[in-house]
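# Coordinate analysis (summary)
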Amino acid sequence: MENDKMKLADIFRNVIFTIKLVFKINKRLVFAQLFMFVLQIALPLINMYFIRNLINAITNNEEIKQILISVVAMAVVNLCITLINRIVSSYISIQTQKTTIGIKYHLGVLVSRMKYSDIEQPKIKNFISLAESNSFTEIITSATNIISALINLLTYSTIVLFVQPWIVLLLVVSLVLQFVFSKMKLNFSYKWEVAQMPSINKTSYFEEVLLGREYGKELRINRLKEWMIGKINKQYTEVDRKIIVDCNKQGGIIDFFSSIINLIETVSVYLLLAYKVVFSNMSLGDYSFYLGSTFNLTSALRNLMRSISDILENGLFAKNFRYLTILAETAEAEGSVGKLNNTNKVEIEFRNVSFKYPGTDKFILKNLSFKINSGEKVSVIGLNGAGKTTIVKLICKFYTPTEGEIFVNGISLNEISQKEIAEKMSIVFQDFKLFSFSIAENVAVETKFDENRVKDCLERGGVLEKVKTLSDGINTYLTKDFNSDGIELSGGEGQKVAIARAFYKNAQFIILDEPTSALDPIAEYYIYKRFEELTAGRSAIYISHRLTTTRFTDKIIVLSEGTICECGTHDELMKIENGIYYNIFMSQAQYYL
């Protein structure tokens, strides 16, 4: 993927991949396009036949009745084909929209199957944007257009060869030159898209900030609108303008030479056929027929070139989609399902684990070794940047250790699928997310759910009383994205819903990453009392700046600059005067004493 240049064989493999994808998502679109190409072949031939006969009838002074019959017949046939064409075009438009939605859905599924470490990489984000921007439905249009163009090419070249072989030679030379120019323009276009994508992603972020609800308060209270617009303008000035100018310049030169070739081709065709009329006694009807055949041949050649260019372009962009498919399949192939099936107990062990994020040189974790036994509760504490949340990402298999290995129930984490790890764990993330669905769906994360169980989890999460005051209760929507009666929860209320979600999942291993950071001390106390119920008989990790959890956990791991500097129970660590845990505990305790 690093090299933007691709062989034609690779491009056509991507095209075949895309056609199969579109056919899988919506067969009706493919069949409708095939029917449309039959109409595209039939209509020009029918018109040429009628016009030839009409001109010959007029020049041969045939009866007016015969001429009128030809005119009416031509009009009726054209009207019928035009009506059918419009109906089929409308149908294709509807099916194209459905297919586009289906492809975007398929892309979303692919990304959700990919490793978390992949989607965080800027390069992969660019691939996703390029894949999303591509219109795969055009591949079907281009493919049917190529078939149509080839049939027209065979038909009209046979006709033109009969009357003037030099015209065919002229058009073939023009075709070769047009192909060269088209390929050059295609390469410029793709390079432009690739070069532009980082800038487009930045611009999309700026738009999200300006238009999105999430940043609305910060923008207004800090008067950031002009500052953000300035960044957008600077982005355009520094990057976009140069790319656009270069692309237009190169494309303009190619288009100029292409137009010159088209002009030479058109003038030559008129002169060669005029020669036949003057010196070979060709009738005006035949002249019209052969001229139409020549221009239809020219049109077929151009359509062939344009369709090949389009299909090559889609083939170039389809490589991004195909690459994402490979990443998703690779991610799902990692590890085996069923490794943790026959047990409700989960224990985690880190053996000499070190980690640095991809593309960086700094180790976030250095040579960590510890074990969390089944049913054991462990607090992990440390200052900001100590590596606490990174431990969670490694356990969840979002990332793979740079050095060392992680074991679950004595089995290497590399041998266990990410899906199975997810099934065994309930996690409340520090940056938890709620969705613009009902409160019940946010808790159950399912469309069908047990209402009593949802209410019980909301009660254990400390937010049921709030939910009871809402007119739609647990069916109340969060935000107004999908429902005008949706509500906005406070940070603490939202965190309680996220905690209720962890209660609902009822997994064997619990991870709580700053789960009460938005709660007041009293609410935090009651939540932690409920956590004792949640974690009963289960293994658990508590990650927090505040040391509320440490009094009732079995073990405390203290991190400093990515290493374990202290480990033990609360009482044991408090005996280490001037130790990190002792100092943090005493600095927090002074605010409550």
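Attention here is on the structure that accompanies the text. (Residues numbered from 1 in each chain as written. Predicted model: local features only at pLDDT ≥ 70, side-chain atom pairs only at ≥ 80, totals over all residues. Heavy atoms only, no water.)

## Describing the overall build of the protein
Cut-off, in case you're wondering: Counting from the N terminus, the helices are DSSP H or I runs at least four residues long and the strands are E runs at least two residues long. Here's how the labels work: a residue is buried when its accessible area is under 20% of the maximum for its type, exposed when over 50%, partly exposed in between, all with a 1.4 Å probe on protein chains only. Pairs of residues are marked as contacts when any of their non-hydrogen atoms sit within 4.5 Å. Accessible surface is estimated by sampling points in the Shrake-Rupley manner with a 1.4 Å probe; for residues, cover comes only from the protein chains shown.
When helices and strands are counted, the protein shows 19 helices and 10 strands. Taken across its 593 residues, the protein has 42% of its residues classed as buried. In the protein, the share of contacts with a sequence separation of at least 24, taken over all contacts with a separation of at least 6, comes to 75%. About 31900 Å² of surface is accessible on the protein, with carbon and sulfur atoms providing 58% of the total.

## Some points on the layout of surface pockets
This is how it is decided: Here a cavity denotes grid points, spaced 1 Å and computed from the protein atoms alone, that fit a 1.4 Å probe unable to get out, and a pocket denotes an open set having protein on both sides within 12 Å along at least 5 of 7 lines; residues with an atom within 4 Å of a point are the lining. Grid points are joined across faces, edges and corners, and a volume is the space filled by probe spheres set on the points.
Here the largest pocket defines a volume of roughly 1800 Å³. Together, 46 residues line the largest pocket, and Tyr116, Phe398, Gln418, Ala422 and Phe429 are the ones closest to its centre. Contributions of two or more residues to the lining of the largest pocket are made by helix H3 (64-113), helix H4 (116-119), helix H10 (284-333), helix H11 (388-395), helix H12 (418-424), strand S6 (425-428), helix H13 (439-444) and helix H16 (491-505). If you tally residues by element for the lining of the largest pocket, the top one is H16, at 5 residues.

## Quick word on the sheet that holds strand S2 (residues 365-372)
Strands pair in a sheet through their backbones, by hydrogen bonds, and they do so in one of two ways: parallel or antiparallel. Rule in force here: We call two strands paired when DSSP finds no fewer than two bridges between them.
Strand order in the open sheet formed by 4 strands is S2-S1-S4-S5, with antiparallel pairing between adjacent strands. Where the open sheet ends on each side, the last strands, each with one partner, are S2 and strand S5 (411-412). Note that strand S4 (residues 403-408) and S5 share 2 bridges and pair antiparallel. Note that in S5 the partner of Phe407 across the bridge is Ser412.

## Overview of helix H14 (residues 451-460)
Keep this limit in mind: Here, the arc refers to the directions that run from the helix axis to the C-beta atoms. Two N or O atoms count as a polar contact when they lie within 3.5 Å, although within protein this holds only if one can serve as hydrogen donor and the other as acceptor, and sequence-adjacent residues are included solely when both atoms are side-chain atoms.
Among the residues of H14, Val454, Cys457, Leu458 and Arg460 are the ones counted as buried. One face of H14 carries all of its buried residues, which in axial projection span an arc of 160 degrees. Capping of H14 at its N-terminal end is provided by Asp450; its side-chain oxygen lies 3.1 Å from the backbone amide nitrogen of Asn452. Gly462 lies just past H14 and shows a positive phi near 85 degrees.

## A look at the packing of aromatic side chains
In plain terms, the rule: Working definition: a ring pair exists when centres of Phe, Tyr or Trp rings (six-membered ring for Trp) sit within 6.5 Å. Plane angles under 30 degrees give stacked, over 60 give edge-to-face, the rest tilted.
Summed over the entire model, instances satisfying the criterion amount to 9 aromatic pairs. Ring geometry for Tyr581 against Phe585: centres 6.0 Å apart, planes inclined by 25 degrees, an arrangement best described as stacked. Taken together, the residues Tyr581 and Phe585, both in helix H19 (residues 580-589) and 4 residues apart, mark about one turn of the helix. Here Tyr581 matches Phe585 in class, with each residue buried.

## Let's talk about empty space enclosed by the protein
Rules: All amino acids are sorted into three groups, where Ala, Val, Leu, Ile, Met, Phe, Trp, Tyr, Cys and Pro are nonpolar, Asp, Glu, Lys and Arg are charged, and the leftover types, Gly among them, are polar.
For the coordinates displayed, the defined rule picks out 1 cavity of 30 Å³ or more. Quantified by volume, the largest cavity comes out at close to 50 Å³. In terms of lining, the largest cavity is formed by Leu171, Ser174, Leu175, Gln178, Asn262, Glu265, Thr298, Leu301, Arg302 and Met305. Listing elements by their share of the lining of the largest cavity, those giving two or more residues are helix H7 (165-211), helix H9 (225-279) and H10. Grouping the amino acids of the lining of the largest cavity by side-chain chemistry returns 4 nonpolar, 4 polar and 2 charged.

## Looking at a nonpolar patch on the surface
So the rule is basically this: In this analysis, a patch consists of residues with relative accessible area above 30% that form no salt bridge, clustered at 9 Å for like charges and at 5 Å for the nonpolar side chains Val, Leu, Ile, Met, Phe, Trp and Tyr. Throughout this description, the term salt bridge denotes a Lys or Arg side-chain nitrogen within 4 Å of a carboxyl oxygen of Asp or Glu.
Residues Phe23, Phe31, Leu34, Ile147 and Ile151 make up a contiguous nonpolar surface patch of about 400 Å² in total accessible area. Those elements that provide at least two residues to the nonpolar patch are helix H2 (27-59) and helix H6 (137-163). Positionally, Ile147 belongs in helix H6.

## Considerations on the environment of Tyr581
Overall, Tyr581 belongs to the buried group, its relative accessible area being 0%. In this structure the C-alpha to C-alpha distance between Tyr581 and Cys567, which are 14 residues apart in sequence, comes to 9.3 Å. Once you skip the residues sitting within four places of it in the chain, Tyr581 turns out to touch Ile381, Leu547, Thr550, Ile556, Val558, Glu566, His570, Leu573 and Met574.

## What about the pattern of salt bridges?
A full pass over the atoms with the stated rule returns 6 salt bridges. Note that Glu347 is salt-bridged to Lys371, the shortest N-O span being 3.7 Å. Residue Glu347 is found in the loop between H10 and strand S1 (348-355), and its partner Lys371 is found in strand S2; the two are separated by 24 residues along the sequence. Arg460 is the partner of Asp456 in a salt bridge, and the nearest nitrogen-oxygen pair spans 3.4 Å. Here the residue Asp456 and the residue Arg460 both occupy positions in helix H14, the gap between them amounting to 4 residues, near one helical turn.

## What to know about the pairing of strand S9 (residues 555-560)
Counting buried positions along S9 yields 5 of 6 residues, so the element is predominantly enclosed. Bridging between strand S3 (residues 377-382) and S9 involves 5 bridges; their strand directions are parallel. Pairing of Gly382 across the sheet is with Leu559, part of S9. As defined by bridge partners, S9 adjoins strand S10 (residues 563-568) across 5 bridges and the pair is classed as antiparallel. Its bridge partner being in S10, Ile557 is matched across the sheet by Cys567.

## Description of H11
Spacing of three or four residues puts side chains on the same side of an α-helix, whose turn is 3.6 residues. With 7 of 8 residues buried, H11 lies mostly within the body of the structure. Among the residues making up H11, those that are buried are Lys388, Thr390, Ile391, Val392, Lys393, Leu394 and Ile395. Lys397 sits one or two residues past H11 and shows a positive phi near 70 degrees.

## With respect to the sheet that holds S3
Which entries qualify depends on this criterion: An axis is simply a line fitted to the C-alpha atoms; with a helix, the fit covers only the stretch in contact. Between two such axes, the angle follows the N-to-C directions and lies from 0 to 180 degrees.
Read across the open sheet, the 6 strands follow the order S6-S7-S8-S3-S9-S10; overall the sheet is mixed. The open sheet has two edge strands, S6 and S10, and neither has a second partner. With direction set aside, neighbouring strand axes in the sheet form an average angle of 15 degrees. Contacts from H11 reach S3, S6, strand S7 (509-513), strand S8 (539-543) and S9, with the element oriented near 135 degrees to S3.

## Focus on the packing of H2 against H3
This is how it is decided: The cut-offs work like this: below 35 degrees is roughly parallel, past 145 is roughly antiparallel, 65 to 115 is roughly perpendicular, and the gaps in between are oblique. The handedness criterion is simple: a crossing whose near helix is rotated anticlockwise from the far helix by less than a right angle is left-handed, and one whose near helix is rotated clockwise is right-handed.
Remark: H2 packs on H3, axes separated minimally by 9 Å, with the N-to-C direction vectors making an angle of 165 degrees. Judged by the angle between their axes, H2 and H3 are roughly antiparallel. Every pair of crossing elements has a handedness; the one defined by H2 and H3 is left-handed. Of the residues in the contact of H2 with H3, the class split is 22 nonpolar, 9 polar and 1 charged.

## Structural notes on the nonpolar core
Convention followed: For the purposes of this section, nonpolar cores are sets of buried Ala, Val, Leu, Ile, Met, Phe, Trp, Tyr and Cys residues that join through side-chain atoms within 4.5 Å.
Core analysis: the biggest nonpolar cluster contains 31 residues, and Ile348, Phe350, Val380, Ile391, Leu394, Ile395 and Phe509 have the highest contact counts within it. Elements represented by at least two residues in this core include exactly S1, S2, S3, H11, S4, S7, S8 and S9. If near-sequence neighbours (up to four positions away) are discounted, Val380 is found in contact with Lys388, Ile391, Ile541, Tyr542, Ile543, Ser544, Ile557 and Leu559. Ranked by size, the runner-up nonpolar core spans 29 residues in total, among them Val467, Leu470, Ile474 and Phe531.

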